[in-house]
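Report on the structure
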Amino acid sequence: MIIRAGENISPVEIEQLIRELDWVREVKVVGVPAPVVQEEIAACIVPMPGRSVDKEGLRRHLAHRLAAYKMPVYIFAFDEFPLNGCGKIHLKELKEIVCQRAQKEGKAL
């Protein structure tokens, strides 16, 4: 659960909408610590082989399907996600990477 400005946001809802796009192989939505609103939403995407992440296309796709406060502030492309020993996404490590990238953009804590 992501808490943004007092609203509880389900990452699964956003992930399902992003998976509708034909260029998305994998997606994980996480919260990034942020001043004032507690967390901002980050969409982490592994595109299909030979494709790239279309940030503007993604925003257009989500604009009519998602409330504005649920819109990802960050959209990050990955070649692959960090995995744990069981082959599942290592969420803590992914969040650390996302926080570092968000700080480079100058928007996160």
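Structural notes, computed from the coordinates. (Residues numbered from 1 in each chain as written. Predicted model: local features only at pLDDT ≥ 70, side-chain atom pairs only at ≥ 80, totals over all residues. Heavy atoms only, no water.)

Let's talk about the environment of Met48
Inspection of the secondary structure puts Met48 in the loop between strand E4 (38-47) and helix H2 (55-63). Each C-alpha atom, one on Met48 and one on Glu20, is 13 Å from the other, the two residues being 28 residues apart in sequence. In this structure, Met48 is in contact with Asp22, Trp23, Val24 and Arg25, ignoring residues within four places of it in sequence. (Helix = DSSP H or I, 4+ residues; strand = E, 2+ residues; numbered from the N terminus. Contact = heavy atoms within 4.5 Å.)

Quick word on the side chain of His61
Mapped onto the elements of the fold, His61 is located in helix H2. Polar side-chain contacts of His61 include one of 2.9 Å to the backbone oxygen of Leu17. Sequence-distant contacts of His61, defined by excluding residues within four places in its chain, comprise Leu17, Glu20 and Leu21. (Polar contact = N/O pair within 3.5 Å; in protein donor to acceptor, adjacent residues only side chain to side chain.)

A short note on the nonpolar core
Counting residues in each nonpolar core, the largest one holds 19 residues, and the members touching the most others are Ile18, Val29, Ile45 and Leu58. When residues of this core are traced back to their parent elements, those giving at least two are helix H1 (11-19), strand E3 (24-34), E4 and H2. Not counting the four nearest positions on each side in its chain, Leu58 is found in contact with Ile18, Leu21, Trp23, Ile45 and Ile75. (Core = buried A, V, L, I, M, F, W, Y, C linked by side-chain atoms within 4.5 Å. Buried < 20%, exposed > 50% of the residue type's maximum accessible area, 1.4 Å probe, protein only.)

A word on helix H3 (residues 91-104)
Note: α-helices contain 3.6 residues per turn, so residues at a spacing of three or four share the same orientation. In this model, H3 (14 residues) spans 20 Å end to end at C-alpha, consistent with the 20 Å of a helix rising 1.5 Å per residue. Among all positions in H3, only Leu94, Val98 and Ala102 are buried. The arc that holds the buried residues of H3, viewed along the axis, is 70°, so those residues lie on one side. Opposite the buried face of H3, at more than 90 degrees from it, the exposed residues are Lys92 and Lys104. Against the buried residues of H3 lie E3, E4 and strand E5 (74-77). (Expected span 1.5 Å × (residues − 1). Arc of directions from axis to C-beta.)

A few points about the sheet that holds E5
Sheet architecture is open: three strands sit in the order E3-E4-E5, paired in mixed fashion. Across the chains shown, the open sheet's two edge strands, defined by having one partner strand only, are E3 and E5. Recorded for the sheet is a direction-independent mean angle of 25° between the axes of neighbouring strands. Pairing between E4 and E5: four bridges, direction parallel. Residue pairing for E5: Cys44 is matched across the bridge by Phe76. Taken strand by strand, H1 contacts E3 and E4, and its axis lies near 145° from that of E3. Running at roughly 70° to E3, H3 makes contact with E3, E4 and E5 of the sheet. (Pairing = 2+ DSSP bridges. Axes fitted to C-alpha atoms, helices over the stretch in contact; angles between N-to-C directions.)

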